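Inside the fold
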Amino acid sequence: MDSRLSPSFFSQFTPTSFVIETDTELVGFLLGFLSQTREDEAYVRFAGVHPDFRRLGLGRRLYERFFAAARMHERAWVCSITAPGNRLAIAFHLRMGFVPKRGNGAVDGLPVRFDYAGKGGHRVVFHRRVAPDAWPAAPTPRSVASTGGETPLAVTELIDCA
Ligand SMILES: CC(C)(COP(=O)(O)OP(=O)(O)OC[C@H]1O[C@@H](n2cnc3c(N)ncnc32)[C@H](O)[C@@H]1OP(=O)(O)O)[C@@H](O)C(=O)NCCC(=O)NCCS
């Protein structure tokens, strides 16, 4: 199994991971999760459609299902990263409404974050807003360090994710 598809990802992120199956085989999957660091984001770890079933709308269905799950969990943004050389994934993400975030360089006119995933691990970082426009802006969490360790965070500043 591809190391990006460790079974533990599927068991740990069941509510935000999806598959599409025929009667006999699994033909598409999306492995995603809710960010624990950024409370308004959900993240697509990896997605794929069997080569024989591509360009039939299955990738779109998987992503739209994930967008709905993200919204349900009050996540305004979905993020995804891909290698600048993966032209297929880049075309797909742009078609799905993703926008590349600012990079520290560019490849073929696309913003790229060089060495994002370690030396030589260049990545295009995509995001897409999935929340309705009427949603209020997410509150900005305050760093614990900024309190100087003296002022405990007030309970009212914590975001209830239940
Ligand atoms: C990327 C991938 C998941 C797309 O799956 P798919 O089922 O073929 O995609 P869909 O048929 O749902 O296409 C959705 C849209 O993207 C567009 N699209 C898909 N593949 C494209 C390509 N190679 N070039 C240009 N546009 C493409 C489609 O035209 C469609 O647009 P439309 O609905 O407006 O007509 C699939 O190609 C794949 O598994 N690639 C290998 C793994 C990978 O790179 N994953 C990237 C995410 S981590």
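About the criteria used
Residues numbered from 1 in each chain as written. Predicted model: local features only at pLDDT ≥ 70, side-chain atom pairs only at ≥ 80, totals over all residues. Core = buried A, V, L, I, M, F, W, Y, C linked by C-beta atoms within 7 Å. Buried ≥ 20, exposed ≤ 12 C-beta atoms within 10 Å, placed from the backbone. Helix = DSSP H or I, 4+ residues; strand = E, 2+ residues; numbered from the N terminus. Contact = placed C-beta atoms within 7 Å. Pairing = 2+ DSSP bridges. Axes fitted to C-alpha atoms, helices over the stretch in contact; angles between N-to-C directions.

**As for the nonpolar core**
If you look at the biggest cluster of nonpolar residues, it comprises 16 residues, and the most contacted ones within it are Leu 30, Val 44, Phe 66, Phe 67, Ala 70 and Val 78. Among the elements of the structure, strand S2 (26-34), strand S3 (41-49) and helix H2 (58-72) are those that each provide at least two residues to this core. With six residues, H2 is the single largest residue contributor to this core. For Leu 30, the contacting residues outside a window of four places in its chain are Ser 17, Phe 18, Val 44, Ala 47, Leu 62, Tyr 63 and Phe 66. Counting residues in hydrophobic clusters, the runner-up holds five residues, among them Ile 90, Phe 98, Val 124 and Phe 126.

**Thoughts on the sheet that holds strand S1 (residues 17-21)**
Spatially, six strands are ordered S1-S2-S3-S4-S8-S5 in an open sheet, and the strand pairing comes out mixed. The outermost strands of the open sheet, each flanked by one partner alone, are S1 and strand S5 (99-100). Where S3 and strand S4 (residues 77-82) come together, four bridges link them in parallel fashion. Of the residues in S4, the one forming a bridge with Ala 42 is Val 78. The sheet contacts of helix H3 (residues 87-95) involve S4 and strand S8 (124-129), and relative to S4 the element is tilted by about 165 degrees.

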